[in-house]
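# Coordinates in review
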Amino acid sequence: MKGASGVGVGARARSGLASKGPWWALIAAFPFVAVLTTVVLVYVAVADRLPEPLATHFATGGRADGYGTAQDLLTLVPALLLISGAVFGALLQVRAFRPATPWLIAGGFATAAGIGYPSCLTLFLNDGVADASTVRLPLWQLPVALVVALAAGALGRLLAGAPPRQPDPASGGAPRLDLPAGTTAGWSHTVSSPLMAVLGVVLFGAGLAAGVLGAWPATLILTLAAALVLPFASVRVTVDRRGLTVAPALLPSRLRIRRVPLDRIKQATGRPIAALAEYGGWGYRIRPGGSGLILRSGDGIVVTLTGGRTFAVTVDDAATAAALLNTYADRARSQQGG
Amino acid sequence: MLFRVDPGSSVPLGDQIAASVRGAIADGTVSAGERLPAARELAGSLGVNVHTVLRGYQRLKEEGLIELRRGRGAVVTGATSPARARLGETAARLIAEARQLGLSDEEIVGVVRVGLNGR
């Protein structure tokens, strides 16, 4: 197995594009940056205990049959990542999100992992070995490498989300709520997500377990992840004279997930939302045409913003909320217009 | 659920908030176990005083429609049924009508008692 990870240069080239490109350019660039960082970190961790030269290539029997210096490895890996990153960057054509884009992003993830895993493995196999010719590559590592690459590809595909959907056909006008002048109304509803609750608890549990085992960095990361996921387990959606507010239901109301003020709202509709087909999954989803807090499939408020993007949130009784939002947006507009 | 208040109305704002919740339970928009927004949040939404909201919630608690728990806020009780909430609405209508006629509280209770004795 060739030990080479080429993530570095590619990543830099890609992130240059990403700074001006859309959100998904960042996702596409991420695996290359992450893999380069990982390989460098692994190298730093084992650098003192590496033989010179390293075993870098293995025959089918698992015996080392090719050698190189750590310097070679650290040149080859970034070079491979640069080249593959550039190829995917060229294929992606950052300007437009096309149906193929999620698959290209998935390919980038798989490629970066396919470069990174063998690189790290090579370093680990050589770790603490005096004579590189004694290094063996267990045969079962080959399927593991494949699985790692496939899993990374699947992760990339999930993060990239579904292909863009066609803009909604005019969804039957926007209803208004009958609200006499002078009357104030507020709409409020909670939506809970067992998925997020379970995920949060599992992450937190894993963090505790890691803490017991003494893996403090893992504890920190897992607890942080749990803290990010748990607020989404139950969310309160409010529509009132200030606009649309989405906030964690079980935390002080000062913490908000998102607020859309009235003057940014062009139109609101209540309609069924398909989480997987329209938003490519659950959670806070950011798509080419807009974003949304999608905790389940079904009834949801879809707000078209003045810039043309949309913000959606899945919640029961969305039609009432949308009608009230439209009514208030009308009021805000008539006040502004004089 | 939808809360509506009209500051121009003669009905106290707290009662208007209570009426909104009662109506939502009556038409099934809100079901048992559901949590109402925190008083402070709702007050901000409607632009009314927190105490006004709390008065409305207190009223619903007295009617047995919600439970008020420290830290958990207002939760619609399991005993609540749409029919029970509708009864509360009907009573509120009776009282409003009687007051419009200029009846005192005693007289309103008297009207109900006469109705009960008549059966």
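Residues numbered from 1 in each chain as written. Chains lettered and ligands numbered in written order. Predicted model: local features only at pLDDT ≥ 70, side-chain atom pairs only at ≥ 80, totals over all residues. Heavy atoms only, no water.

## Focus: the overall build of chain A
For chain A, the helix and strand inventory stands at nine helices and 11 strands. Per-residue burial for chain A yields a buried fraction of 47% across its 338 residues. A total of about 16000 Å² of accessible surface is found on chain A, and carbon and sulfur atoms cover 68% of it. (Helix = DSSP H or I, 4+ residues; strand = E, 2+ residues; numbered from the N terminus. Buried < 20%, exposed > 50% of the residue type's maximum accessible area, 1.4 Å probe, protein only. Areas by Shrake-Rupley, 256 points an atom, 1.4 Å probe, with all protein chains shown as cover.)

## Quick notes on the overall build of chain B
Within chain B one finds five helices and three strands. Listing the helices and strands of chain B from first to last along the sequence gives β-α-α-α-β-β-α-α. Counting all 119 residues of chain B, 35% fall into the buried class. Of all intrachain contacts in chain B linking residues separated by at least 6 positions in sequence, the fraction that spans at least 24 positions is 49%. Accessible surface, chain B as shown: approximately 6900 Å² in total, 53% of it carbon and sulfur. (Contact = heavy atoms within 4.5 Å.)

## Quick notes on the confidence of the model for chain B
The share of residues in chain B with pLDDT of 70 or more is 97%, and the mean pLDDT across the chain is 86. Confidence, expressed as mean pLDDT per element, reaches its minimum in chain B at helix α4 (residues 82-100) of chain B with 82 and its maximum at helix α3 (residues 50-62) of chain B with 92. (pLDDT = per-residue confidence, 0-100.)

## Let's talk about helix α9 (residues 318-336) of chain A
Compared with the 27 Å implied by 1.5 Å per residue over 19 residues, the 27 Å span of α9(A) between its first and last C-alpha is a close match. Restricting attention to buried positions, one finds in α9(A) the residues A:Ala318, A:Ala321, A:Ala322, A:Ala323, A:Leu324, A:Leu325, A:Asn326, A:Thr327, A:Tyr328, A:Ala329 and A:Ala332. Close packing links the buried residues of α9(A) with β3 (184-192), β4 (234-240), β5 (243-248), β7 (265-273) and β10 (298-305) of chain A together with β1 (2-5) of chain B. (Expected span 1.5 Å × (residues − 1).)

## Here's the deal with the interface of chain B and chain A
The interface is formed by 18 residues belonging to chain B together with 23 residues belonging to chain A. Buried area between chain B and chain A, both sides added, is near 1600 Å², and the carbon and sulfur share of it is 46%. For the side of chain B that touches chain A, the secondary-structure elements that each account for two or more residues are β1 and α2 (39-46) of chain B. The element that contributes the greatest number of residues to the side of chain B that touches chain A is α2(B), accounting for five residues. Counted by class, the side of chain B that touches chain A contains eight nonpolar, four polar and six charged residues. Taken together, the four bridges between β3(A) and β1(B) define a ladder with antiparallel strand orientation. Bridge assignment links A:Trp187 to a residue of β1(B), and that residue is B:Leu2. (Buried area = accessible area lost by both parts, 1.4 Å probe. Nonpolar A, V, L, I, M, F, W, Y, C, P; charged D, E, K, R; others polar. Pairing = 2+ DSSP bridges.)

## A closer look at a nonpolar patch on the surface
Residue and element names in this part refer to chain B. Taken together, the side chains of Leu 94, Val 111, Val 112 and Leu 116 make up a nonpolar region of the molecular surface, amounting to roughly 340 Å² of accessible area. In terms of residue count, helix α5 (residues 105-117) provides more of the nonpolar patch than any other element does, three residues in total. In this structure, Leu 94 sits in helix α4. Taking the relative accessible area as the measure of exposure, Leu 94 reaches 38% and is therefore partly exposed. (Patch = residues over 30% accessible without salt bridge, like charges linked within 9 Å, V, L, I, M, F, W, Y side chains within 5 Å. Salt bridge = Lys/Arg side-chain N within 4 Å of Asp/Glu carboxyl O.)

## Section: unusual backbone geometry
All names here are of chain A. Looking along the chain, the bond that leaves Glu 52 and enters Pro 53 is cis, with omega of 0°. Of note in this structure, Asp 317 is not a glycine but carries a positive phi near 60°. Note that Asp 317 resides in the loop between β11 (310-314) and α9.

## Considering the sheet that holds β5(A)
Spatially, five strands are ordered β6(A)-β5(A)-β4(A)-β3(A)-β1(B) in an open sheet, and the strand pairing comes out antiparallel. Both edges of this open sheet fall to β6 (258-261) of chain A together with β1 of chain B, since each of them pairs with a single strand only. The average angle at which neighbouring strand axes cross in this sheet is 15°, direction not considered. Taken together, the six bridges between β4(A) and β5(A) define a ladder with antiparallel strand orientation. (Axes fitted to C-alpha atoms, helices over the stretch in contact; angles between N-to-C directions.)

## A word on the confidence of the model for chain A
Residue and element names in this part refer to chain A. Of the residues in chain A, 87% reach a pLDDT of 70 or more, and the chain-wide mean stands at 82. Taking the mean pLDDT of every element in chain A, the minimum, 37, falls on helix α1 (residues 8-20) and the maximum, 93, on β11. Low pLDDT (under 50) marks residues 1-20, which in the prediction has 74 contacts with non-local residues, meaning those over four places away or in another chain. Within the model, pLDDT remains below 50 along residues 166-172, and this stretch shows two contacts once partners closer than five positions in the same chain are excluded.

## Things to note about the pattern of salt bridges
All names here are of chain B. With the rule as written, the count across this model stands at 12 salt bridges over all chains. Between Asp 15 and Arg 59 there is a salt bridge whose closest N-O contact spans 2.9 Å. Of this pair, Asp 15 sits in helix α1 (residues 13-26) while Arg 59 is found in helix α3, placing the two residues 44 residues apart along the sequence. Judged by relative accessible area, which is 30%, Arg 59 ranks as partly exposed. The partner of Arg 22 in a salt bridge is Glu 63, with the nearest N and O atoms 2.8 Å apart.

## A word on the environment of B:Ile17
Residues and elements named next belong to chain B. Assignment of secondary structure puts Ile 17 in helix α1. Along the backbone, Ile 17 and Val 53 are 36 residues apart, and their C-alpha atoms lie at a distance of 6.9 Å. When near neighbours in sequence (up to four residues on either side) are disregarded, Ile 17 contacts Phe 3, Val 5, Leu 42, Leu 46, Val 48, Val 53 and Tyr 57.

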